[in-house]
Structures are given as C-alpha cells and as structure tokens.
Amino acid sequence: TVTAVQHNNDAAKTITQIENFVSSGCDFIMIQSGAADAIKDTALAAQKQGVCIIGTGTGLDFADMNYTNDNYDAGYLDGKAMGEWINETFGEDYEIQIAQMLYDQIPEVTQRTDGQIAGLTEVHPKFEVVANGHPTDAATAMSETENILTAHPDIQAIFNWGDSMAMGSLEAVRAMGYDESQFCIVSVDGTQEALEEIKAGSALKMSCSLGGPVEQGIQQVDMLKAYVEGTNEDHYYSPNIPIDASNVDEYLEK
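These figures come from a predicted structure and were not determined experimentally.

Caption draft 1: Spotlight on helix H7 (residues 192-199). For H7, the set of buried residues is Ala-194, Leu-195, Glu-197 and Ile-198. Seen along its axis, H7 keeps its buried residues to an arc of 160°; they face one direction. The positive-phi residue at the C-terminal boundary of H7 is Gly-201, with phi of around 80°.

Caption draft 2: Focus on the environment of Gly-230. Of note, Gly-230 is situated in the loop between helix H8 (212-229) and strand S9 (235-238). On a C-alpha basis, the gap between Gly-230 and Met-82 in space is 43 Å, while along the polypeptide they are 148 residues apart.

Caption draft 3: Just the packing of helix H6 (residues 163-175) against H7, in detail. With their axes 9 Å apart at the nearest point, H6 and H7 run at an angle of 40° to one another. By the angle between their directions, the pair H6 and H7 is classed as oblique. Handedness of the crossing formed by H6 with H7: left-handed. Between H6 and H7, the contacting residues are Asp-163, Met-167, Leu-170 and Arg-174 on the first element and Glu-193, Ala-194 and Glu-197 on the second. For the contact of H6 with H7, the per-class residue count stands at 3 nonpolar, no polar and 4 charged.

Caption draft 4: Region of interest: the sheet that holds strand S1 (residues 28-31). Here 4 strands make up an open sheet; going across it, the order is S1-S2-S3-S9 and the pairing parallel. Single-partner strands in this sheet number two, and they are S1 and S9. If you compare each strand with its neighbour and ignore which way they point, the axes differ by 20° on average. Pairing between strand S3 (residues 65-69) and S9: 4 bridges, direction parallel. In the sheet register, Asn-66 faces S9, and the bridge partner there is His-235.

Caption draft 5: Highlighting the nonpolar core. In this structure, Ile-155, Ile-158, Val-173, Phe-183, Ile-185, Leu-195 and Leu-204 are the most contacted members of the largest nonpolar core, which totals 29 residues. When contributions to this core are tallied by element, the ones reaching two or more residues are strand S4 (96-101), strand S5 (127-133), helix H5 (138-151), H6, H7, strand S10 (241-243) and helix H9 (248-252). Per element, the largest residue contribution to this core is 5 residues, and it comes from H6. When residues no more than four places from it in sequence are discounted, the contact partners of Ile-185 are Ile-158, Asn-160, Ala-166, Ser-169, Leu-170, Val-173, Ala-203, Leu-204, Lys-205 and Met-206.

Caption draft 6: Here's a closer look at the pairing of S1. Residue alternation in S1 divides its side chains into a buried set, Ile-29 and Ile-31, and an unburied set, Phe-28 and Met-30. Pairing between S1 and strand S2 (residues 52-57): 4 bridges, direction parallel. Within S2, the position partnered with Ile-29 by the bridge is Ile-53. For the crossover that starts at S1, traverses helix H2 (residues 36-48) and ends in the parallel S2, the hand is right-handed.

Calculation notes
- Residues numbered from 1 in each chain as written.
- Predicted model: local features only at pLDDT ≥ 70, side-chain atom pairs only at ≥ 80, totals over all residues.
- Heavy atoms only, no water.
- Buried < 20%, exposed > 50% of the residue type's maximum accessible area, 1.4 Å probe, protein only.
- Helix = DSSP H or I, 4+ residues; strand = E, 2+ residues; numbered from the N terminus.
- Arc of directions from axis to C-beta.
- Axes fitted to C-alpha atoms, helices over the stretch in contact; angles between N-to-C directions.
- Parallel < 35°, antiparallel > 145°, perpendicular 65-115°, else oblique.
- Left-handed = near helix turned anticlockwise from the far one by under 90°.
- Contact = heavy atoms within 4.5 Å.
- Nonpolar A, V, L, I, M, F, W, Y, C, P; charged D, E, K, R; others polar.
- Pairing = 2+ DSSP bridges.
- Core = buried A, V, L, I, M, F, W, Y, C linked by side-chain atoms within 4.5 Å.
- Right-handed = clockwise from strand over helix to strand, strands pointing away.

This is the structure we're talking about:
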C-alpha cells in the first residue's frame with residue numbers, strides 16, 4: 001500500500017507526517033524536502049524503528065538511499081543547447097546579451113545554473129550575462145523578466161532553472177512583442193506545457209527532461225525492490241534528456 005501527502009515545504013508539517021508514517025507501520029518513507037536539517041532528528045528516529053528513508057529530488061545526507069538528478073549536467077545541456085541555437089541563428093562570432101534566473105537557496109538549483117554557464121561557454125563563449133532574476137514560480141518569473149527586458153531590451157536569451165519559471169519568462173517575452181524566432185529560452189524539467197511550447201515553435205527552444213514522472217516512479221520502485229533484496233546502491237540518478245524541436249514529438253507521446 002502507498003500513502004502520499006503534500007508538505008508544502010513546511011518542516012513542522014513534514015516532521016508530523018514522518019511520525020505518522022512510522023506509527024502506521026510504513027516500511028519506506030520517500031521525502032522530497034528542502035529542510036533537511038530541521039527534519040533530520042525525526043528521520044533518524046524513524047530509521048531506528050527500521051524504516052528506510054529515501055531522499056528524492058533533493059538529497060538527504062542521512063538517507064538510506066537518495067534519488068536525485070545530476071543538476072550540473074542538466075544545466076550544462078541547457079547551456080550547450082543555447083550556444084548551438086546562437087551559432088545557428090546568428091553565427092559563431094555574434095556577441096549576445098543574456099539573462100539568467102537564479103535561486104541561491106537550493107544547492108541543486110545553483111548546480112544547474114553553474115552548468116548552464118559552463119555549457120554555453122564551451123559552445124558560444126561570446127556572451128554577456130547582463131541581468132539576473134530570482135523567481136520562484138511563473139508569476140514572479142514573468143514580472144522579473146518584464147523588469148529585466150525593460151532595463152535591457154537587447155537581451156535575446158534567458159536561462160531558467162525550471163519550466164515553471166520558463167513559462168513565466170515566455171509570457172513576458174511574448175507580451176512585450178519580441179520576435180520569438182530570434183529569442184531563446186531554455187530550462188530544466190521537461191513538463192508537458194513546456195514541450196507543447198517547444199513544439200509550437202515558441203521562444204522556449206529546449207528543456208532538459210529529468211525522465212518524466214512515470215519513468216521516475218518506475219525507477220524509484222526498482223530502488224525499493226533492490227533494497228529489499230539487499231542489492232541497492234546508495235545513490236540513484238534520474239536521466240537528463242535534452243528535448244528540443246528535433247525530438248519533442250517523441251516525448252510528448254509519453
């Protein structure tokens with residue numbers, strides 16, 4: 001049997017949920033949380049009761065197993081995709097101004113954004129990051145993108161660290177009348193709505209898929225099976241799959 005709950009990144013709520021899972025006899029608790037320090041003692045107490053703790057999405061240093069993404073690699077693939085787009089659209093010698101959305105509170109996001117710069121530097125080093133934003137959702141990404149483009153109207157590309165933010169940036173670019181064939185937004189997640197925009201030929205040119213929810217779920221079930229059999233590893237990774245116009249139809253079908 002499976003019980004799933006939403007904690008809304010509330011540490012106190014997460015602690016109560018872990019305690020309830022233990023008292024109800026759960027054998028595995030899979031946790032995606034950005035509050036590792038706050039929930040650590042409760043998770044350790046659960047482990048003493050024989051419960052296997054699994055960190056998902058965001059790694060937990062005290063977990064029995066972790067299932068995360070190679071976030072630097074995801075960002076690196078973003079950067080390469082943007083560089084290739086610039087080369088194809090404007091040429092290898094083109095000096096381009098870009099913006100990058102950051103979120104320094106989560107190390108995994110910083111790994112993504114560092115990878116984005118590394119990938120772009122390798123493929124098209126003639127760029128300048130002239131502005132940064134720090135959005136947390138589509139609405140804040142839209143408003144921050146509007147402010148950035150108002151201050152720096154010559155920007156022609158934006159790095160986003162997640163598809164929700166990318167959708168907000170896209171709406172701002174669209175509302176401000178930019179030619180979407182001459183503008184590039186790249187992101188990470190590979191969500192349905194992002195892939196639909198890629199297929200439609202919008203300014204959103206690429207999103208790095210982390211495998212999708214079904215594929216990730218199957219991988220995590222395989223982890224549980226391996227743990228029961230005693231053949232598990234300590235750390236597992238979701239895939240990184242760059243999705244652009246060339247392969248978007250294949251992944252939309254999934």
